[in-house]
Amino acid sequence: MSSRGTGLTLMGIVVAIIGYFMFQSSIGLDTKVDEVQKILENSHEHASYLGIAFTLISVGLVVHLAGLINTRGTAAGTAESLGIFCIMAAIFMWVINIGFGFAAVEMGGKLAEAAGGAQAAAAAAAAAAAAGDAATAGAAAAKAESAMAAATGIVIAGGFNQAASVAGNVIGSLLAGIGWLSLGMAYRNSDAKGAISFLPLGWLAMLAGIILLVANLVIINVVADGGTELASQISGISFILIVIWSVSRGLALMKE
């Protein structure tokens, strides 16, 4: 791949970060990771929007990975190889994890259907009871109870789906943290420059990696209430740094 092609693909991370912001706005910026019912309801409500977001994230990350692989040899050594390999594993983890997002969308649709059925049956039971039709009221009440049980089961399944998604994101972030820290260590001893000359590529990558590791190893375990949300917010700072690194390095490569 040419330097121009490598630079362009490296900046694919911009597409992924746009998709990530779309995802966050769809789920709700104030939604906590354990608010399963709210996550399912929002996923169903913004199903089409989320589909676009998931596509942008997946394509952006894979394209970015292609560019990153083509930079191999810029700072030859074990640290660079380890860094790229760990980032590759993290991206694979995140892309696979997108499947849990699509599952949440489907579960959200089933939850809305079950909840709607329960409400309709409950209303029918109330109307029949008011009319003095005990048999119809009893049947409708039983139908409402069955629909509510189905809705509860969907929320429980959604909880397992959400737990797996959170775990996958944490593991991916830890791998990415190791990867960017290693890549930064390698670039510290390299002559490679970015388009933003006053931002050294090595230290920028190392800072991004350290933030990811601290957020997902320390904060997520130390902060008892809301640790996962706080770790995710702090990790967002790291992803912004990674975008800056990728754009700076990509533009520099395109000028070569």
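Scoring rules and cut-offs
Residues numbered from 1 in each chain as written. Predicted model: local features only at pLDDT ≥ 70, side-chain atom pairs only at ≥ 80, totals over all residues. Heavy atoms only, no water. Phe/Tyr/Trp six-rings, centres within 6.5 Å; stacked < 30°, edge-to-face > 60°. Helix = DSSP H or I, 4+ residues; strand = E, 2+ residues; numbered from the N terminus. Lys NZ or Arg CZ within 6 Å of the ring centre and 35° of its normal. pLDDT = per-residue confidence, 0-100. Contact = heavy atoms within 4.5 Å.

Chemist: I'd like a description of the packing of aromatic side chains, backed by residues and values.
Modeler: All chains considered together, the criterion is met by seven aromatic pairs. With 5.6 Å between their ring centres and 80° between their planes, tryptophan 94 and phenylalanine 239 make a pair best called edge-to-face. Of this pair, tryptophan 94 sits in helix α5 (residues 78-130) while phenylalanine 239 is found in helix α8 (residues 227-255), placing the two residues 145 residues apart along the sequence. Taken together, the aromatic side chains of Tyr20, Phe21, Phe23, Phe54 and Phe102 make up a single cluster linked through ring pairs. The side chain of arginine 188 reaches across the aromatic face of tryptophan 203, ending 5.4 Å from its centre.

Chemist: Any details on the confidence of the model for the protein? Residues and values, ideally.
Modeler: Looking at the protein, pLDDT values average 88 and 99% of them are 70 or higher. The weakest mean pLDDT in the protein belongs to helix α1 (residues 3-10) at 87; the strongest belongs to helix α4 (residues 47-69) at 93.

Chemist: So what's going on with the environment of alanine 75? Residues and values would help.
Modeler: Its location among the elements puts alanine 75 in the loop between α4 and α5. In this structure, the C-alpha to C-alpha distance between alanine 75 and valine 105, residues 30 residues apart in sequence, is 42 Å. If we ignore the near neighbours within four places in the chain, the residues touching alanine 75 are Glu80, Ala186, Tyr187 and Ser190.

Chemist: Mind laying out the environment of leucine 213, listing which residues take part and the relevant values?
Modeler: With respect to the element layout, leucine 213 can be found in helix α7 (residues 201-222). Note: C-alpha distance between leucine 213 and cysteine 86 (127 residues apart in sequence) is 13 Å. Look past the residues within four positions of leucine 213 in its chain and what remains in contact with it is Leu174, Gly177, Ile178, Leu181 and Val218.

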